[in-house]
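Chain and residue survey
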Amino acid sequence: MKNSKYLPYLAGVFVSTIFGMSFMFTKQALDSFGTFHLLAFRFSLAASVLSLLAILGVIKIQLKNKPIKELMLLCLFQPLSYFIFETFGVKLTSSSQAGMMIALIPVVVTLMAVVFLKESPNKMQSIFIAVSVLGVLFIIALSGDLRSEGSLAGIAILMGAVLSGATFNILSRRLSVHFKPVEITFIMMWVGALSFNIIA
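Below or above, wherever it landed, is the structure these notes cover.

Some words on the packing of helix H2 (residues 35-55) against helix H3 (residues 68-92)
- Between H2 and H3, the shortest axis-to-axis distance is 10 Å and the interhelical angle comes to 130°. By the criterion of interaxial angle, the relationship of H2 to H3 is oblique. Crossing handedness for the pair H2 and H3: right-handed. Contact with H2, carried on its side by Thr-35, Phe-36, Leu-39, Arg-42 and Phe-43, involves Pro-79, Phe-83, Ile-84, Glu-86, Thr-87, Phe-88 and Lys-91 of H3 and no other residues of that element.
- Residue composition of the contact of H2 with H3, by class: seven nonpolar, two polar and three charged.

Observations regarding the environment of His-37
- In this fold, His-37 is placed in helix H2.
- C-alpha separation for the pair His-37 and Leu-52, spaced 15 residues apart in sequence, amounts to 22 Å.

Notes on the environment of Ile-68
- Tracing the sequence through the fold places Ile-68 in helix H3.
- Exposure remark for Ile-68: the relative accessible area of 32% places this residue in the partly exposed category.
- Taking the C-alpha atoms as reference points, Ile-68 and Ile-184, separated by 116 residues in sequence, lie 9.9 Å from one another.
- Dropping the residues within four chain positions of it, Ile-68 is found in contact with Leu-63 and Phe-179.

The rules behind these values
Residues numbered from 1 in each chain as written. Predicted model: local features only at pLDDT ≥ 70, side-chain atom pairs only at ≥ 80, totals over all residues. Heavy atoms only, no water. Axes fitted to C-alpha atoms, helices over the stretch in contact; angles between N-to-C directions. Helix = DSSP H or I, 4+ residues; strand = E, 2+ residues; numbered from the N terminus. Parallel < 35°, antiparallel > 145°, perpendicular 65-115°, else oblique. Left-handed = near helix turned anticlockwise from the far one by under 90°. Contact = heavy atoms within 4.5 Å. Nonpolar A, V, L, I, M, F, W, Y, C, P; charged D, E, K, R; others polar. Buried < 20%, exposed > 50% of the residue type's maximum accessible area, 1.4 Å probe, protein only.

Geometry only, nothing functional implied.
As structure tokens, then:
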């Protein structure tokens, strides 16, 4: 199928659109829910849906003889630290600022891959990394909201989300040798549901 090579790009655009809109919805939801209550609800719903799909046989989860401890380390960065940083950061900034900060994750992933995975970006990738960073800094600097102390604190907190998300990407690439994506997602959702419900 000739058009199949474009499917990953279309999927990427689709995911990025949903992901970007989630900041706006999170901002609105935080007006009605406590931070950890919102996280508890989100992950409980996701874990329940995945469990139902597993029971119905739509997805298959096989965790026997797999490195569960390494998967738990992955869950420490995402969903736990990432979503805590992201939700508190969104609370203190505008949804557009949050989106721009989180957009730095691919850049940080590329830099971390150089150190931990020994993957070097080519010249064109390096140029676009620099343009991405400068673009985010330029737009944030022009934002009037940046003058408020809360916004500065929010951006600092969001940087924690960026580092957590980037670390998750690096670790998940290693664990993809042992786990299917749906297995990683299943465990992540349940760790998030249990942890955030306990905290809430």
